[in-house]
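Secondary and tertiary structure notes
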Amino acid sequence: THTAATCTAGDPAIGIEGLKALKTICQEASISLADRKRHGTGHSLSDVLRIRLNDQSMRFPDVVVYPQGEEEVVSLIALAHQRRWCLIPFGGGTCVSRAVCCPSLKDEPRPIVSVDMRKMNKVVNIDHENRLVHVEAGVTGAELTKALLQLGYTVGHEPDSMEFSTLGGWVATKASGMKRNKYGNIESIVVGVRVAGKDGVMEQG
């Protein structure tokens, strides 16, 4: 049995063949300890302290992958379902709720793959008539704000973590921001989502 503390670059918990299968879907897949540590912790005080104290009980993802489009995400989920891997989405990693922290081996014995969404950061299209923007889930607040400001628009959502946090993270955590009294929380701004699961893509709105 491999643990995050003992898994090395030459011996991934998903196996060499599993790593090769991942790389047929995502161009970039990392098993470096530095990448895995960053993707297994958030920005809470407890996260920082546990890393500084070198807490040996911490578990980190076994692999980090960086999908670049919806098709890759769908294929990744299908592969994980087939091989019984656990997937944990990762946006900006700014959470303080331990949402990206890996469960213990006792609670979750499957290998864990962290899915870094930040390469899916494109503005797909803008509906000027209805003032709507279609963007990918990995876009950061800073990237989205810059893109919309160039067209004279505002996001209307400014959490403290805006520079690094992502749209997908905002939606997943029902984030609030400093302009909520005028524009509302993120659930008041989002009008539609597409979510990938083992049964395909679900769409609402």
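Per-chain numbering applies: the sequence of each chain, read as written, is numbered from 1 onward. Owing to the predicted nature of the model, reporting of local features is limited to residues with pLDDT of at least 70; listing and counting of side-chain atom pairs is limited to 80 or more, with chain, interface and lining totals taken over all residues. Remark: hydrogens and water are excluded; side-chain values derive from all non-hydrogen atoms of the structure.

Let us now look at the overall build of the protein chain. What counts as a helix is a DSSP run of H or I of at least four residues, what counts as a strand is a run of E of at least two, and both are numbered from the N terminus. The helix and strand tally for the protein chain stands at eight helices and eight strands. Its C-alpha radius of gyration of 18 Å places the protein chain within 12% of the 17 Å reference for a compact globule of 205 residues. Relative accessibility decides the category of a residue: with a 1.4 Å probe and only protein chains considered, values under 20% of the type maximum give buried, values over 50% give exposed, and everything between is partly exposed. Each of the 205 residues in the protein chain was classed as buried or not, and the buried ones make up 40%. When checking whether two residues touch, look at their non-hydrogen atoms; a contact exists if any pair is within 4.5 Å. Long-range contacts, defined as pairs at least 24 residues apart, comprise 61% of the intrachain contacts of the protein chain with a sequence gap of at least 6. With residues, only the protein chains shown are counted as cover, and all accessible areas are computed by Shrake-Rupley using a 1.4 Å probe. Split by element, the accessible area of the protein chain, about 11800 Å² in all, is 53% carbon and sulfur. If you average the places of the 24 positive and of the 23 negative side-chain charges in the protein chain, the two averages end up 4 Å apart. Every radius of gyration here is taken over C-alpha atoms, with the globule rule written as 2.2 Å times N^0.38, N being the number of residues. A residue counts as positive if it is Lys or Arg and as negative if it is Asp or Glu; His and the chain ends are not included. Throughout, a charge is located at the NZ atom of Lys, the CZ atom of Arg, the CG atom of Asp or the CD atom of Glu.

Before going further, it helps to examine the pairing of strand 7 (residues 193-197). In this scheme, strands are said to pair when DSSP sees at least two bridges between them. As paired strands, strand 7 and strand 8 (residues 200-204) are joined by five bridges and run antiparallel to one another. Residue pairing for strand 8: arginine 194 is matched across the bridge by glutamate 203. Connecting strand 7 to the antiparallel partner strand 8 that follows it, the hairpin turn spans two residues.

Let us now look at the sheet that holds strand 4 (residues 112-116). Pairing within the open sheet is mixed, and its four strands lie in the order 1-2-4-3. The open sheet has two edge strands, strand 1 (29-30) and strand 3 (86-90), and neither has a second partner. The pairing of strand 3 with strand 4 spans five bridges and is classified as parallel. The partner of phenylalanine 90 across the bridge, within strand 4, is aspartate 116.

Looking now at the pattern of salt bridges. Side chains that differ in sign of charge can pair as their charged atoms come close. The term salt bridge refers to a side-chain nitrogen of Lys or Arg lying within 4 Å of a carboxyl oxygen of Asp or Glu. Applying the stated criterion to the full structure yields nine salt bridges. Across the pair glutamate 28 and lysine 119 runs a salt bridge, and its minimum N-O distance is 3.6 Å. With glutamate 28 in the loop between helix 1 (16-23) and strand 1 and lysine 119 in the loop between strand 4 and strand 5 (123-127), the pair connects residues that are 91 residues apart, well separated along the chain. The class of lysine 119 is partly exposed, set by a relative accessible area of 35%. For arginine 194, the salt bridge is made with glutamate 70, and the minimal N-O distance between the two is 2.6 Å. Of this pair, arginine 194 sits in strand 7 while glutamate 70 sits in helix 4 (residues 70-83), and the two are 124 residues apart along the sequence. Overall, the relative accessible area of 42% leaves arginine 194 in the partly exposed class. Linked through salt bridges whose partners overlap, the residues forming this network are Glu70, Arg194 and Glu203.

A few words on unusual backbone geometry. The backbone phi angle of arginine 84 is positive, close to 60 degrees, even though this residue is not glycine. Relative to the helices and strands, arginine 84 resides in the loop between helix 4 and strand 3. Phi is positive for arginine 98, close to 65 degrees, though the residue is something other than glycine. By the secondary structure assignment, arginine 98 is in the loop between strand 3 and strand 4.

Turning next to the pairing of strand 4. Of all the five residues making up strand 4, five are buried; the element is thus mostly covered by neighbouring parts of the structure. Here strand 4 shows a buried face lined by Ile112, Ser114 and Asp116 and a second buried face lined by Val113 and Val115. Pairing analysis gives three bridges linking strand 2 (residues 63-65) to strand 4, with the strands arranged parallel. Looking across to strand 4, one finds that valine 65 is bridged to valine 115.

All right, on to the confidence of the model for the protein chain then. pLDDT measures how confident the predictor is about each residue, on a scale from 0 to 100. Confidence in the prediction for the protein chain averages 89 pLDDT; 95% of positions are at 70 or higher. When the criterion is pLDDT under 50, residues 1-10 qualifies, and its contacts beyond four places in sequence or with other chains add up to 15 contacts.

It is worth spelling out the packing of helix 1 against helix 4 at this point. Angular values range over 0 to 180 degrees, each being the angle between N-to-C directions of two axes fitted as lines to C-alpha atoms, with helices fitted over their stretch in contact. Direction vectors running N to C along helix 1 and helix 4 enclose 160 degrees, while the axes themselves pass 10 Å from each other. The angle between the axes of helix 1 and helix 4 places the two elements in the roughly antiparallel class. Crossing handedness for the pair helix 1 and helix 4: right-handed. Contact residues: helix 1 offers Glu17, Gly18, Ala21 and Leu22, while helix 4 offers Leu76, Leu79 and Arg83. Broken down by class, the residue content of the contact of helix 1 with helix 4 amounts to four nonpolar, one polar and two charged. An angle below 35 degrees is treated as roughly parallel, one above 145 as roughly antiparallel, one from 65 to 115 as roughly perpendicular, and anything else as oblique. For a crossing to be left-handed, the near helix must be turned anticlockwise from the far one by less than a right angle; the clockwise case is right-handed. Any residue that is not Ala, Val, Leu, Ile, Met, Phe, Trp, Tyr, Cys, Pro, Asp, Glu, Lys or Arg is counted as polar, Gly included; the first ten are nonpolar and the last four charged.

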